[in-house]
Amino acid sequence: MPFYDYKCRKCDNIFEEMVPIATSDDAIRCPRCGALDSERQISAPSISKGKNGAAPMSPASCAHSKRYS
């Protein structure tokens, strides 16, 4: 399930919620005031790195990369 950032229209609280993709457009309750008037916010994606700081699927770690070297 992905995490989404939300902003409550009633109290301006910004919070994060893990929401199933199938229900991502449903009303989300604000944890501060309890209102069901929240809107999803656009946020930066989370990117993780693999061992040694390389991207998890970098060409150097690809099994097929040795064919082309």
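Chains are numbered independently. Their residues run from 1 in the order of the written sequence. Where totals are concerned, whole chains, interfaces and linings use all residues; where local detail is concerned, this predicted model gives features only for residues with pLDDT of at least 70, and gives and counts side-chain atom pairs only at 80 or more. Hydrogens and water are ignored here; the side-chain numbers use all heavy atoms of the structure.

## A look at the pattern of salt bridges
Here is step 1: Think of a salt bridge as a Lys or Arg side-chain nitrogen and an Asp or Glu carboxyl oxygen that are within 4 Å of each other. One pass over the full model with this rule turns up two salt bridges.
Here is step 2: Between Asp 37 and Arg 9 there is a salt bridge, with the nearest N and O atoms lying 3.0 Å from each other. Within this pair, whereas Asp 37 is found in the loop between strand E2 (14–18) and strand E3 (38–41), its partner Arg 9 is found in the loop between strand E1 (3–8) and E2, the two being separated by 28 residues in sequence.
Here is step 3: A residue is classified by how much of its surface remains accessible, and Asp 37, at 33% relative accessible area, is partly exposed.
Here is step 4: In this structure, Arg 9 and Glu 39 form a salt bridge, with 3.4 Å as the shortest nitrogen-oxygen distance. On the criterion of sequence distance, the pair formed by Arg 9 in the loop between E1 and E2 and Glu 39 in strand E3 is long-range, its members being 30 residues apart.
Here is step 5: Each of Arg 9, Asp 37 and Glu 39 takes part in salt bridges that share partners, so that together they form one network. Numbered from the N terminus, helices here are DSSP runs of H or I no shorter than four residues, and strands are runs of E no shorter than two. Summary of the burial criterion: residues with accessible area below 20% of their type's maximum are buried, those above 50% are exposed, and those between are partly exposed, where the area comes from a 1.4 Å probe applied to protein chains only.

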